[in-house]
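Take a look at the letters that make up each chain.
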Amino acid sequence: TQLDFFDPDFGEWAHCTSLAAVPLKVKIRINDNAPTSDPLLGSASQSGFKLIYVANGSLEFLQCATELQEVFGKGVHMDCVERVVNPTLETRFRQRRAELKDQGCPTQRRIQGGAVSVLDSVLANGFKLPSKPGVCGLGLYFTSDMARSEQYSKGQHKVLICEVAVGRQRQVDTADPSLTLSKVEATGFDSIYAPRIRRANGEFVEFIVVFHPDQSIPRYVLTFTVTPSANGAAGVEHQCTAAGHTFGAKEIEAFCQTCLTPVCLACVHLGSHKAHEICKLADAHRAHLEKVQMLLRQARAGSSTLETKLAAYINARDMVEQGRDELLAGIRTQATAMIEAVQTRQRELVEKVVSVSSEMLEKTATAEADCQQLASRLKAAALVADESVRDWGTVQFLRVCSQLEADLIVDFHGQHNAENSQLNLSILYDPAPFLEAVNDWQFEEDKSPDPPENLTVMTSGPGSVRVFWEPSHNMRTDVGTYVLEMAGGDKAFYREVYRGNALEWQGSGLQCNIKCLFRIKGVTRTNKEGPFSHSVEGRTGQPFAFSPQLSTYMAVSPDGASATPEGEEHAAPNGPCAVAVCLPPLRSGRHRWDVHIDAHGGESNIFIGVAKEGVGIGQLGSTADGWSFFSESYRTHARYHGGVGGVCAPYGEAFMTGDIVSVWLDLDVGTIEFGRNGTKFGPAFENVTGPVVAAVSFNPTASGAVTLENYSSW
């Protein structure tokens, strides 16, 4: 027994030697006497090819209908689908595919139209190249554009679905009528793809062009009619409107249980409902009817329950309203009784206040009379005092009770006068009110303290600021801690910079020459915080650098770090000294900086130190307003202050080009110290007070250069 299968491409039964060579979903037979052709023959009368009818509703029919609608839209109705079987064309097509540059490229299905006579010729003998070239040369054009396909059909309502072997495609964007097979193959391509080419009528169209007639073979003949586009469903009573339906007017024949919607067979076999659970319309109708009946029964049962609950709710509402009325009546009775009691108590209090006020007025009048009488007695006692008592150098105190009884004389040492043997120590006044007032005066621990007063901000050194304040004059709160906050620049974001019991704060290491805002508050010893004071504005010290405005006969670098003598007057033998002055002034605190000797010319002297702010500086240290350390090349090195009659004594070591001279200035103690290359020489001067400015001076004709480095404060 042999196994045969029906080859749909050739339309014949073929012997099968291996199941691996059999295409999927084909007819097979074991009977040796089976017919050698498909029993469903089409309408073709030509020899050499066959047309086989495709059953309406089959997957093959629906696939062809879908491709037709993609080109012509949903306003078409498929009348007939015939599969083309032409072994001669199939052989030529396969041979041409084997000759392509890219044999692995998949083929494409395209729709081709034309007159009936032309279509019959293509079915029997294959395609022929046109006699005149098109926009992209002499070739076969296949397009997916509806207008172009309908134009070639010329109203005959018949088109072909062709399989096109495109091979390696070359994409073009402009027309080129000179293209031929040889030109395309010479460039290494098998076909042309034009995604957007302008036709002669000005429209743009997309198409594929092959230049060999065997690169395309007809597969199906489609016969269709155009239906009105207004309804798109002529003759269909219940058309499919399921989501994803793209197959035109189709009768509803099934129900999708996954999406709960009626669908057509096209959606079931080819559309978006292909993998869903499907049932018959009658079964779906029966199931939904049973479900509706069950819901109606549940609704009736629920209605009875709701009626019972509604009656219970109405009963409860009546009980609540009755209880509310009783409660309101009780509240009104109690409110009336309370009002009467309050009015009675009010009358009693008024009567008592009136009585007490009358009594107090009487006592006040009596007290005023007693005071006037006592004042008269004291005045009389002062007039009759013995003048001789004052000559003894003592103080006489007259203490009188209800009447003037005696004089008590006490000297400055608390000794009684020996002449008074009997003394009356009666007290003139009643001390009870005074003692009560003293006892009432105490710290108010639960009260928030008032903010400190006179908050003041002063500039200190470079990047430094000094803030001080005074305690609040309200002595009734025991402030133990002060909290100082600071905000930089124009930002209102405050951060705490000090917490303690001191009355000032010194800030250093800040950004130079910026505006700062400060505020302060007090905290009691029981951690009760008071409000912040108003904000006070200040500014940190300027950067530590040479000032071109204050320096004379000096060339100062743009950043203020370096200085060198310049000018013809300074170069003269009896000319002025060249002076470089630093800003900002140093008023308090401890400061350190380095002076790098960039150049030390010949036997000239370089003076390094400080001078009083606002005084003229010539040779630094030559007056009582300057303190310096100088060196003349490699020989002389001394500390200098006060000029002639002042201090000029050997000190430290001589410095030269490349050395670093360090300065330590302590304005809190009043000392200044110098060093070279990290070695300290010890204190050079004492009693140095601020404000001072750092400075460097060169003697007349002296040359050289210096650079400021490593300023810091601590």
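Residues numbered from 1 in each chain as written. Predicted model: local features only at pLDDT ≥ 70, side-chain atom pairs only at ≥ 80, totals over all residues. Heavy atoms only, no water.

## As for the overall build of the protein
Now for step 1: Counting its secondary structure elements, the protein contains 10 helices and 38 strands.
Now for step 2: A total of 714 residues make up the protein; the buried ones form 37% of that total.
Now for step 3: Taking as baseline every contact in the protein between residues at least 6 positions apart, the subset at least 24 positions apart corresponds to 62%.
Now for step 4: Entry remark: accessible area of the protein is about 40900 Å², with carbon and sulfur atoms responsible for 54%. (Helix = DSSP H or I, 4+ residues; strand = E, 2+ residues; numbered from the N terminus. Buried < 20%, exposed > 50% of the residue type's maximum accessible area, 1.4 Å probe, protein only. Contact = heavy atoms within 4.5 Å. Areas by Shrake-Rupley, 256 points an atom, 1.4 Å probe, with all protein chains shown as cover.)

## Overview of the packing of aromatic side chains
Within a pair of aromatic rings, the relevant descriptors are the distance that separates the centres and the angle that separates the planes.
Now for step 1: Taken as a whole and assessed by the stated rule, the structure comprises 16 aromatic pairs.
Now for step 2: With a centroid separation of 5.7 Å and 85° between ring planes, the pair formed by F127 and F142 is classed as edge-to-face. Highlighted residues: F127 in the loop between α3 (116-125) and β7 (140-143) and F142 in strand β7, separated in sequence by 15 residues. Of the two residues examined, F127 and F142, each falls in the buried class.
Now for step 3: With a centroid separation of 4.6 Å and an interplanar angle of 20°, the aromatic rings of F544 and Y711 are classed as stacked. (Phe/Tyr/Trp six-rings, centres within 6.5 Å; stacked < 30°, edge-to-face > 60°.)

## Examining the pattern of salt bridges
Now for step 1: Throughout the structure, instances matching the rule amount to 22 salt bridges.
Now for step 2: The salt bridge involving R96 is made with E185; its shortest N-O contact spans 3.1 Å. Here the residue R96 occupies a position in helix α2 (residues 87-98), and E185 occupies one in helix α5 (residues 181-186), the gap between them amounting to 89 residues.
Now for step 3: For R96, a relative accessible area of 5% puts it in the buried group. (Salt bridge = Lys/Arg side-chain N within 4 Å of Asp/Glu carboxyl O.)

## Looking at the nonpolar core
Now for step 1: F546, W593, I608 and L665 are the most contacted members of the largest nonpolar core, which totals 36 residues.
Now for step 2: Counting residues per element, this core draws most heavily on strand β37 (residues 692-698), at 4 residues.
Now for step 3: Contacts of I608, omitting those with residues within four sequence positions, involve V595, I597, L620, W627, S628, F629, F655, V661, V663, F674, A695 and V696. (Core = buried A, V, L, I, M, F, W, Y, C linked by side-chain atoms within 4.5 Å.)

## Re the sheet that holds strand β24 (residues 536-539)
Now for step 1: What the 4 strands build is an open sheet, ordered β21-β20-β23-β24; its pairing is antiparallel. Unpaired on one side and paired on the other, β21 (495-500) and β24 mark the two borders of the sheet. Strand-to-strand twist in this sheet, taken as the mean axis angle between neighbours without regard to direction, amounts to 30°.
Now for step 2: Here strand β20 (residues 479-488) pairs with strand β23 (residues 515-524) via 9 bridges, running antiparallel. (Pairing = 2+ DSSP bridges. Axes fitted to C-alpha atoms, helices over the stretch in contact; angles between N-to-C directions.)

## Focus on the environment of I660
Now for step 1: Within the element layout of this structure, I660 appears in strand β34 (residues 660-666).
Now for step 2: For the pair I660 and G678, spaced 18 residues apart in sequence, the C-alpha to C-alpha distance is 7.9 Å.
Now for step 3: In this structure, I660 is in contact with D594, V595, H596, G675, R676, N677 and E709, ignoring residues within four places of it in sequence.

## Focus: the sheet that holds strand β14 (residues 261-263)
Now for step 1: The strand order across the open sheet built from 3 strands is β14-β13-β15, with neighbouring strands paired in antiparallel fashion. Edge positions in the open sheet fall to β14 and β15 (278-279), since each of these has one partner strand only.
Now for step 2: In this structure, strand β13 (residues 254-256) lies alongside β15, joined through 2 bridges in antiparallel fashion. Within β15, the residue paired with F255 across the bridge is C279.

## Digging into the environment of Y711
Now for step 1: Positionally, Y711 belongs in strand β38 (residues 704-713).
Now for step 2: Classification of Y711 as partly exposed rests on a relative accessible area of 22%.
Now for step 3: Sequence separation between Y711 and A545 is 166 residues, and the spatial gap between their C-alpha atoms is 9.4 Å.

## Brief notes about the pairing of strand β36 (residues 679-685)
The side chains of a regular strand alternate between the sheet's two faces.
Now for step 1: Two strands pair when backbone bridges link them, and strand β35 (residues 671-676) and β36 are joined in this way by 4 bridges, in the antiparallel orientation. Each residue of the ladder has a partner; that of I672, found in β36, is F685.
Now for step 2: Connecting β35 to the next strand, β36, in antiparallel fashion are 2 residues, including N677 with a positive phi near 55°.

## A closer look at the confidence of the model for the protein
Now for step 1: Taken as a whole, the protein shows an average pLDDT of 78; of its residues, 76% reach a score of 70 or greater.
Now for step 2: No element of the protein has a lower mean pLDDT than strand β17 (residues 408-410), at 34, and none a higher one than β34, at 95.
Now for step 3: Segment residues 229-237: pLDDT under 50, and 11 contacts once partners within four positions in sequence are set aside and those in other chains are kept. (pLDDT = per-residue confidence, 0-100.)

## Digging into the side chain of S547
Now for step 1: Structurally, S547 can be placed in the loop between β25 (545-546) and β26 (554-556).
Now for step 2: Other than its neighbours up to four places away in sequence, S547 contacts V581 and L583.

## Some thoughts on the side chain of H212
Now for step 1: Of note, H212 is situated in the loop between β11 (204-210) and β12 (216-226).
Now for step 2: In terms of polar contacts, H212 uses its side chain to reach the backbone amide nitrogen of D214, at 3.1 Å.
Now for step 3: Those residues within four positions of H212 in sequence are excluded, and the remaining contacts are R96, L129, L140 and L181. (Polar contact = N/O pair within 3.5 Å; in protein donor to acceptor, adjacent residues only side chain to side chain.)

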